[in-house]
Amino acid sequence: MKSRIFLYLFVFTFLLVLFQFVTANNIQKALTEDVQQRDVRLEKLEDSLKTMHLKVLDMQYFSLENNDDALVYYDHLNLENPTRYIEDKLLETNEKTGDNPLIPYEGMESDFKINKIKVLNHKWILTDFSDGKYWGELLLEYELKDDLSVDFTMLDHLLYARSN
């Protein structure tokens, strides 16, 4: 009787160890597969990040803050951020009641105001304007003077046709 109990105990222990071994092996395989999937995903994300970084660098090519030759024109003014200063001066034209004086259109839904600004270099600015429903773009020429005043001159403009 005692030998049977030991036999059953041995068989039960063997089955328990076998079950633990198989379960641990399956968990290890699942974890290894999960790590491999994450490595592949991480590699894709890193490639995507590199691509986006290159796109950002390409978009920044036409920008005053990355154009050392254009920034030289403002060295004597001791401005910390000439781009921000010029953008602020341009946005001040929005503060007047009615349409922005630089925009050659009358607002249809409300007043046309400048929304986005891209300072291209030491002479030109590209802007986006809208009245909430209609929008367009302006190409402006500007001159930052020694007394820190800025003169803006519209070079060209367009108003997009509304499509429904």
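These remarks concern the structure in this document. (Residues numbered from 1 in each chain as written. Predicted model: local features only at pLDDT ≥ 70, side-chain atom pairs only at ≥ 80, totals over all residues. Heavy atoms only, no water.)

With that settled, the discussion passes to the overall build of the chain. The helix and strand inventory of the chain stands at 3 helices and 4 strands. Put simply, the chain runs from its N terminus to its C terminus through helices and strands in the order α-α-α-β-β-β-β. Considering only residue pairs separated by 6 or more positions, the chain has 38% of its internal contacts joining residues 24 or more positions apart. Of the roughly 12,600 Å² that the chain leaves accessible, carbon and sulfur atoms contribute 58%. Taking the average location of the 18 positive side-chain charges in the chain and that of its 29 negative ones, the two points are 16 Å from each other. (Helix = DSSP H or I, 4+ residues; strand = E, 2+ residues; numbered from the N terminus. Contact = heavy atoms within 4.5 Å. Areas by Shrake-Rupley, 256 points an atom, 1.4 Å probe, with all protein chains shown as cover. Lys, Arg positive; Asp, Glu negative; His and termini not counted. Charge placed at Lys NZ, Arg CZ, Asp CG, Glu CD.)

This part is about the nonpolar core. Leu64, Ile86, Leu90, Ile125, Tyr142 and Phe152 are the most contacted members of the largest nonpolar core, which has 22 residues in total. Within the residue set of this core, elements represented by two or more residues are α2 (68-71), α3 (82-92), β1 (113-119), β2 (124-130), β3 (135-144) and β4 (150-159). Counting residues per element, this core draws most heavily on β3, at 4 residues. Those residues within four positions of leucine 90 in sequence are excluded, and the remaining contacts are Leu102, Ile114, Ile117, Ile125, Thr127, Leu140 and Phe152. (Core = buried A, V, L, I, M, F, W, Y, C linked by side-chain atoms within 4.5 Å. Buried < 20%, exposed > 50% of the residue type's maximum accessible area, 1.4 Å probe, protein only.)

The subject of this paragraph is the environment of leucine 77. Looking at the element boundaries, leucine 77 is found in the loop between α2 and α3. Between the C-alpha atoms of leucine 77 and aspartate 146, which are 69 residues apart in sequence, the distance is 6.7 Å.

Along the polypeptide, threonine 93 turns up in the loop between α3 and β1. By relative accessible area, which is 11% here, threonine 93 ends up buried. Separated by 2.4 Å, the side chain of threonine 93 and the backbone oxygen of leucine 90 make a polar contact. A distance of 2.9 Å separates polar atoms of two side chains, one belonging to threonine 93 and the other to asparagine 100. (Polar contact = N/O pair within 3.5 Å; in protein donor to acceptor, adjacent residues only side chain to side chain.)

The alternating pattern of β3 places Gly136, Leu138, Leu140, Tyr142 and Leu144 on a buried face and Trp135, Glu137, Leu139, Glu141 and Glu143 on a face that is not buried. As defined by bridge partners, β2 adjoins β3 across 7 bridges and the pair is classed as antiparallel. Bridge pairing in β3 places phenylalanine 129 opposite glycine 136. Two successive antiparallel strands, β2 and β3, enclose a turn made up of 4 residues, where glycine 132 displays a positive phi of approximately 105 degrees. Sheet analysis places β3 next to β4, joined by 9 bridges and oriented antiparallel. In the strand pairing of β4, tyrosine 142 is matched with phenylalanine 152. (Pairing = 2+ DSSP bridges.)

There is a patch of like negative charges on the surface, built from Asp39, Glu43, Glu46 and Asp47. Tracing the backbone through its elements, the reader meets aspartate 47 in helix α1 (residues 2-59). Aspartate 47 gets classed as partly exposed once you look at its relative accessible area, which sits at 41%. (Patch = residues over 30% accessible without salt bridge, like charges linked within 9 Å, V, L, I, M, F, W, Y side chains within 5 Å. Salt bridge = Lys/Arg side-chain N within 4 Å of Asp/Glu carboxyl O.)

All right, on to the packing of aromatic side chains then. The tally for this structure, following the rule as stated, stands at 5 aromatic pairs. Relative to phenylalanine 62, the ring of tyrosine 61 lies with its centre 5.0 Å away and its plane at 85 degrees, an arrangement referred to as edge-to-face. No difference in accessibility class separates tyrosine 61 from phenylalanine 62, as the two residues are exposed. Where tryptophan 135 meets tyrosine 160, the ring centres are 6.1 Å apart and the plane angle is 35 degrees; that geometry is what we call tilted. (Phe/Tyr/Trp six-rings, centres within 6.5 Å; stacked < 30°, edge-to-face > 60°.)

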